[in-house]
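Chains, contacts and geometry: an overview
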Amino acid sequence: MNRAMNDGAPEAYAVPDSREAVEQYLLFFEPGDLSRVVTADFRTGAIHALSRKDRVAWVEALFAKLRLVAAREFPPGVRVSVGGGELGQAAANNSTVVRHKLENMGQIGTVIFALSALVFRSFAAGLLALAPLARAALVDLGVMGWIGSWLSFATASYTAMGVSLGADFAIYLLFRLREEVRAGHPLEGAITVTMRSSGRAIFFVASAIAAGNATLLASDFALWRQLGGYVALMMTTSCLATLTLIPALVLIFRPRFLGAGTAAAPRSPACARS
């Protein structure tokens, strides 16, 4: 309006410096003309924009750029923030869901630790049950960062679900290992027997779940592809972490809850004489 009043001069494409000129321009508006972009007391304005994208990563990057522009262009004392809209709702929902899902992963880990420690009557058992799950979650989040996948409400939900699905692998392996130790096998022999029986079962169960979810990768729906890929990844990493990390930790620390057989295997007489 100021530019029109000044014969279209480019330098007039700005808010007038005079308060009186601004008040005069406001008189040209009808009462409802500014209702969408300014409050009734004319103290707060809203800028509306259209977007062709709503991906969380793109939205967060856009908001970050807008905050930099606002900090650079607006004078001190003027507060600029996202006031709503589809993108604002998407960003707010994503932030809330991601936070709750991360809390949910912590709750799942706490329950697994508490139940494992209670059943085995050992805090060491709870830590051993958590170790492969923590490793699998870190690998999953690391792969997401490596491929540039944003931690959204969908991916955070899939990660939490994968953690809960892989929770029983470690508990199952520890139960069978304790049975073999109590049957009289030395720890090394008990691990060998356990890996040939329960370890093989864990491998096939995880393979079946991972392969079943991996079929979703052929879907045209992006959320289904993410679900299939991340659950398959969590199953694979949970299985491999259980079958490698737990035996290694058991051999290193030899926890007492497994039984008397956790002592080192006796050496042969020939070795003793030498």
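Being a predicted model, the structure only gives us computed values, none of them experimental.

Right, let's get into the side chain of S122. For S122, the position within the fold is in the loop between α4 (85–120) and α5 (123–146). S122 sits in the buried class, given a relative accessible area of 14%. Within the structure, S122 has its side chain in polar contact with the backbone nitrogen of A124 (distance 3.1 Å). Setting aside residues up to four positions removed in sequence, S122 forms contacts with S116, A117 and F257.

Taken as a whole, this structure holds four salt bridges when the rule is applied. The salt bridge involving E23 is made with R19; its shortest N-O contact spans 3.4 Å. Taken together, the residues E23 and R19, both in helix α2 (residues 19–26) and four residues apart, mark about one turn of the helix. Given the relative accessible area of 41%, E23 is considered partly exposed. The exposure class of R19 is exposed, given its relative accessible area of 62%. Residue R176 pairs with E180 through a salt bridge whose shortest N-O separation is 2.9 Å. On the criterion of helical spacing, the pair formed by R176 and E180 is a turn pair, its members being four residues apart in helix α7 (residues 167–182). We classify R176 as partly exposed; its relative accessible area is 25%. Overall, the relative accessible area of 10% leaves E180 in the buried class.

Cut-offs applied
Residues numbered from 1 in each chain as written. Predicted model: local features only at pLDDT ≥ 70, side-chain atom pairs only at ≥ 80, totals over all residues. Heavy atoms only, no water. Helix = DSSP H or I, 4+ residues; strand = E, 2+ residues; numbered from the N terminus. Buried < 20%, exposed > 50% of the residue type's maximum accessible area, 1.4 Å probe, protein only. Polar contact = N/O pair within 3.5 Å; in protein donor to acceptor, adjacent residues only side chain to side chain. Contact = heavy atoms within 4.5 Å. Salt bridge = Lys/Arg side-chain N within 4 Å of Asp/Glu carboxyl O.

Keep in mind these numbers describe shape, not what the thing actually does.
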